Amino acid sequence: MRIAFIGGGHMSTSLVGGLLARGLAPDDIAVADPVPAQLERLGDRFGVRTSPDNLQAVRDADLVVLAVKPQDMAVAARAIAGEIAARRPIVVSIAAGIRLANLGAWLGPDVPLVRTMPNRPALIGAGITGACAGALVGPAERVAVESVLTAVGPLVWLEDEALLDVVTALSGSGPAYFFLLIEALEDAGVSLGLPRATARQLAVHTALGAGRMAAEGDVPPATLREQVTSKGGTTAAALAVLEQADLRGLLLAAVTAAARRSVELADQFGGQSGSQSGGK
Ligand SMILES: NC(=O)c1ccc[n+]([C@@H]2O[C@H](COP(=O)([O-])OP(=O)(O)OC[C@H]3O[C@@H](n4cnc5c(N)ncnc54)[C@H](OP(=O)(O)O)[C@@H]3O)[C@@H](O)[C@H]2O)c1
């Protein structure tokens, strides 16, 4: 499979690195970007084909990843629409808030489209991506998309495109919630007498360890929490404070606000209807 990346920034760099680590040949990857320094960096580091010309990059691609900022997407998509319509490769957008309908309107009908929402830890190969396929995407195309996006972490399919706003609110914005939690734990440790560097190290590695325990194995987080909470113990004392302050309600409100904002931003970026939509 030949893959073209439109936009050679942070996310493309991570995906390219992940794909090469999996054994994809550098010659099967093309990256287009208007910034010469960006292309030189990618060429030197990975040996992939690079070009300032988007059309040249997509010309022999079986799968095209649109990896420009949301505000640049309409221009980038329209500029390659002719080539895409003629050859109909799978087109995957990783841009936040760009709907399948907009991509369809910009690229033309009959193009298999997939909208995805990766997250920031993809930059270190520890991301998670939500994806929604347009009507023209079959099982083989889904497998192809998975083979690319899972280079930086797992991928989950959503049949209802509207749920990508919830994905954006949960895992897209989610790393910031955990950073805040780490910050707050660090500050709490400092308030209670720990040196800042020590408090940070303790907070960061606790987050890492808890995340790994939740991710590895099949034990639900609620069970993991119960397993570390002895009756009348220290953890129980802390959790009682958090439950009393309605941490769960607070997080629901936060994620709801982010999902609402995601809809507003998609309305702003799109502003056009198109020909494909998600499964529901
Ligand atoms: N980074 C994240 O954490 C993250 C997480 C989830 C999703 N995403 C999504 O991933 C996409 C890429 O993000 P990123 O962080 O990789 O952005 P980035 O580092 O800014 O990379 C985008 C690149 O695309 C180039 N570009 C702009 N217009 C172009 C065009 N018409 N044709 C070809 N290239 C063009 C930009 O050049 P200029 O600098 O000259 O504009 C830039 O080099 C965004 O849509 C974002 O929503 C990012």
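Details of the structure are given in the entry above.
Residues numbered from 1 in each chain as written. Predicted model: local features only at pLDDT ≥ 70, side-chain atom pairs only at ≥ 80, totals over all residues. Heavy atoms only, no water.

Remarks on the site of the ligand
Point 1. Around the ligand sit 25 residues, and of these His10, Met11, Asp33, Gln38 and Val68 come closest.
Point 2. A distance of 2.5 Å separates an oxygen atom of the ligand from a polar atom in the backbone of valine 68.
Point 3. Within the contact set of the ligand, an oxygen atom lies 3.2 Å away from a backbone nitrogen or oxygen of alanine 96.
Point 4. When the free accessible area of the ligand is taken as 890 Å², the share hidden by the protein chains comes to 79%.
Point 5. Partitioned by chemical class, the residues of the shell around the ligand number 14 nonpolar, seven polar and four charged. (Near = heavy atom within 4 Å. Polar contact = N/O pair within 3.5 Å; in protein donor to acceptor, adjacent residues only side chain to side chain. Areas by Shrake-Rupley, 256 points an atom, 1.4 Å probe, with all protein chains shown as cover. Nonpolar A, V, L, I, M, F, W, Y, C, P; charged D, E, K, R; others polar.)

Description of the side chain of threonine 13
Point 1. Structurally, threonine 13 is set in helix α1 (residues 10-21).
Point 2. In contact with threonine 13, other than residues within four places in its own chain, are Gly8, Arg41, Leu42, Arg45 and Phe46. (Helix = DSSP H or I, 4+ residues; strand = E, 2+ residues; numbered from the N terminus. Contact = heavy atoms within 4.5 Å.)

Focus on the pattern of salt bridges
When the charged atoms of two side chains lie near each other, side chains of opposite charge can form a pair.
Point 1. Under the defined criterion, the tally for this structure stands at 15 salt bridges.
Point 2. Here arginine 115 and glutamate 161 are joined by a salt bridge, their closest N and O atoms 2.7 Å apart. A residue pair is termed long-range when its members are at least 10 positions apart, and arginine 115 in strand β6 (residues 113-117) and glutamate 161 in the loop between β8 (155-157) and α7 (163-172) qualify at 46 residues.
Point 3. Judged by its relative accessible area of 11%, glutamate 161 falls in the buried class.
Point 4. Measuring nitrogen to oxygen at the nearest pair gives 3.0 Å for the salt bridge that ties glutamate 216 to arginine 212.
Point 5. One network of salt bridges, in which partners are shared, links Arg2, Asp27, Asp28, Arg49 and Asp60. (Salt bridge = Lys/Arg side-chain N within 4 Å of Asp/Glu carboxyl O. Buried < 20%, exposed > 50% of the residue type's maximum accessible area, 1.4 Å probe, protein only.)

Here's the deal with the pairing of strand β5 (residues 90-93)
Point 1. Both faces of β5 are covered, namely the face carrying Ile90 and Val92 and the face carrying Val91 and Ser93.
Point 2. Bridge count for strand β4 (residues 63-66) against β5 is four bridges, and the pairing is parallel. Its bridge partner being in β5, valine 64 is matched across the sheet by valine 91.
Point 3. In this fold, the crossover linking β4 to β5 by way of helix α4 (residues 73-87) has right-handed handedness.
Point 4. Where β5 lies against β6, three bridges are found, and the strand directions are parallel. (Pairing = 2+ DSSP bridges. Right-handed = clockwise from strand over helix to strand, strands pointing away.)

Focus on helix α9 (residues 196-215)
Point 1. The terminal C-alpha atoms of α9 lie 28 Å apart, and with 20 residues this matches the ideal 28 Å at 1.5 Å per residue to within 8%.
Point 2. Note on α9: the residue one or two positions beyond its end, glycine 217, has a positive phi of about 95 degrees. (Expected span 1.5 Å × (residues − 1).)

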